Number of protein chains: 2
Amino acid sequence: MQIEFKIKLNNSLFLRDPDGTEIGKNIIRKSIKLISEIGYEQFNFKKLALEIPTTEATVYRYFENKHKLLIYLIDYYWAFIRYQVLFNINNLKSPADKIRTIIDLLVWEDNSVTYSTDIDQKALYYIAITDGSKTFLSKEVDNLNKNQVFVPYKELCELIASVFKEYNPEYKFSNSLASTLVEASHLQYFFMHHLPRLCDFADHKDPKVLELFLENLVFGALDNQ
Amino acid sequence: MQIEFKIKLNNSLFLRDPDGTEIGKNIIRKSIKLISEIGYEQFNFKKLALEIPTTEATVYRYFENKHKLLIYLIDYYWAFIRYQVLFNINNLKSPADKIRTIIDLLVWEDNSVTYSTDIDQKALYYIAITDGSKTFLSKEVDNLNKNQVFVPYKELCELIASVFKEYNPEYKFSNSLASTLVEASHLQYFFMHHLPRLCDFADHKDPKVLELFLENLVFGALDNQ
DNA sequence: TTTTTATGATAGTATTACTATTGTTTTAAA
DNA sequence: TTTAAAACAATAGTAATACTATCATAAAAA
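My aim in this report is to walk through the structure given alongside it, one point at a time. (Residues numbered from 1 in each chain as written. Chains lettered and ligands numbered in written order. Predicted model: local features only at pLDDT ≥ 70, side-chain atom pairs only at ≥ 80, totals over all residues. Heavy atoms only, no water.)

1. Considering the packing of helix α4 (residues 66–89) of chain A against helix α8 (residues 151–167) of chain A
All names here are of chain A. One way to put it is that α4 packs onto α8 with a least axis distance of 8 Å and a crossing angle of 25 degrees. Relative to α8, the element α4 is oriented roughly parallel. Note on packing geometry: the crossing formed by α4 with α8 is left-handed. Residues D75, W78, A79, I81, R82, V85, L86 and I89 of α4 form the contact with α8, whose own contacting residues are P152, Y153, E155, L156, L159 and V163. For the contact of α4 with α8, the class distribution of residues is 11 nonpolar, no polar and 3 charged. (Axes fitted to C-alpha atoms, helices over the stretch in contact; angles between N-to-C directions. Helix = DSSP H or I, 4+ residues; strand = E, 2+ residues; numbered from the N terminus. Parallel < 35°, antiparallel > 145°, perpendicular 65-115°, else oblique. Left-handed = near helix turned anticlockwise from the far one by under 90°. Contact = heavy atoms within 4.5 Å. Nonpolar A, V, L, I, M, F, W, Y, C, P; charged D, E, K, R; others polar.)

This is how it looks when you write it as structure tokens:
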């Protein structure tokens, strides 16, 4: 089955909508490729233009700077995950099953379903892990936030928090637990591959064990109060 | 009571030991001041030299680049927190009390004990929150890790994990729970002040409520298995 | 068919992230 | 006490980054 998937992102992120033109789509596609290959710090618009290929000036007509482009990619990522969550918990009755499904979707496995977007989902997942938090961890955060650029992330967390509330209406920290779950799913995956002493999954590097940890964490918190 | 506190950090982080000279100590002091004021991205060695005051060239004789300097600061921070944890859980019998003490030390409160180092502890805490994860979230991570630069962070997590093991020897994810706790303590504090919809502490911005969340999270996980 | 818009090609600027050199001061060893 | 070594200031310079500006051309819309 091929599912069409379109997201409209906050237009304060770009000068020209990259989704409207072929060259714009290439900026997105190739920036995902390049950032996942060389890392966000080494990435710049000159290298991107070379890769597309186009000119640096053209890239600057779409995005003010590489930070805005990164936020665009990460927003897309969160919106996409949220879509998958909505789609997959839709027909589930039990909140516990919904939670397990959410955790399964948050952690990449090589048999993960990919959709017919022209975007390299796995590369984008790696960027989200390594660079996602850089979108907001800066002095710019309050200004960016005024422009609503973190809405996709918030909406995903809200959705997850609402499932937590469904599971246990008495639980007082649904939002914090949701953002902690989302962040931990990324960070523990990163640790599993790069800083194994900070986690307990180094031996087999099995995402399923990471999921077990997260399930224990979430249900432990929700059942504890 | 005034407690003297000295830490020797990994010498692959610097070219000349900043702890050995007055100008070196100023590099540390003033970089903490500057980074906490203008943010890591806007910070550079030219501005730092101006602040000290010294020349840019002199700063480069101590640190290769600003990323290494950041790691130095963050390593110092983790070593310092670990020292505080060791000191404060030393005379506690109950593992549960130790855990509550650890969580209390991880979350900044304005009545937090500060030590007679010449370092602005609160400014360093803010840098650790906003920039701490930038030390390892890059393509450089594996090379840096080979040089042992993340040891202070690992040692803190190991210490915390050992307390978890003491509390519940059956628990399988002590390391992951430790790193998740440490990261969540920072991130939820950041959300409390900048992205309130991602947490549940926005109303009163009370660190004590954040501590409650973390305690529930940790004991929930540890009691669940 | 004319006008608008997007892109390519090119050039240029300010800032960043360094490296190199040389003379002077401070510190340490002889 | 003298001498040598190390540290620092002052200055200059380079390569890369992060943009901005201009103008010609091609494609699309009116």
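That shown, we press on.
2. Some details on the interface of chain B and chain A
Between chain B and chain A, the residue contacts involve 55 residues of the former and 55 residues of the latter. Of the roughly 4,500 Å² buried between chain B and chain A on both sides combined, carbon and sulfur atoms contribute 61%. Of all residues in chain B, B:L137, B:F173 and B:R197 give up the largest surface area on contact with chain A, accounting jointly for 16% of the area buried on that side. In this structure, B:E158 and A:R197 form a salt bridge, with 2.9 Å as the shortest nitrogen-oxygen distance. Seen at the junction of chain B and chain A, the total is 24 residue pairs in polar contact (both at pLDDT 80 or more). Looking at the side of chain B that touches chain A, the elements that each hand over two or more residues are α1 (22–38), α6 (121–131), α7 (141–146), α8 (151–167), α9 (174–194) and α10 (207–223) of chain B. Tallying contributions element by element places α9(B) first for the side of chain B that touches chain A, with 13 residues. (Buried area = accessible area lost by both parts, 1.4 Å probe. Salt bridge = Lys/Arg side-chain N within 4 Å of Asp/Glu carboxyl O. Polar contact = N/O pair within 3.5 Å; in protein donor to acceptor, adjacent residues only side chain to side chain.)

3. Here's the deal with the relation of the copies chain B and chain A
It takes a turn of 180 degrees to lay chain B on chain A, together with a shift of 0.0 Å along the axis; the resulting RMSD is 0.0 Å. Read as a symmetry element, the transformation amounts to a two-fold axis. For chain B, the residue whose C-alpha comes nearest the rotation axis is B:G220, separated from it by 2.1 Å. Here 100% of the interface residues in chain B have copies in chain A that are interface residues too; the copies meet face to matching face. (Least-squares fit on C-alpha atoms with pLDDT ≥ 70 in both.)

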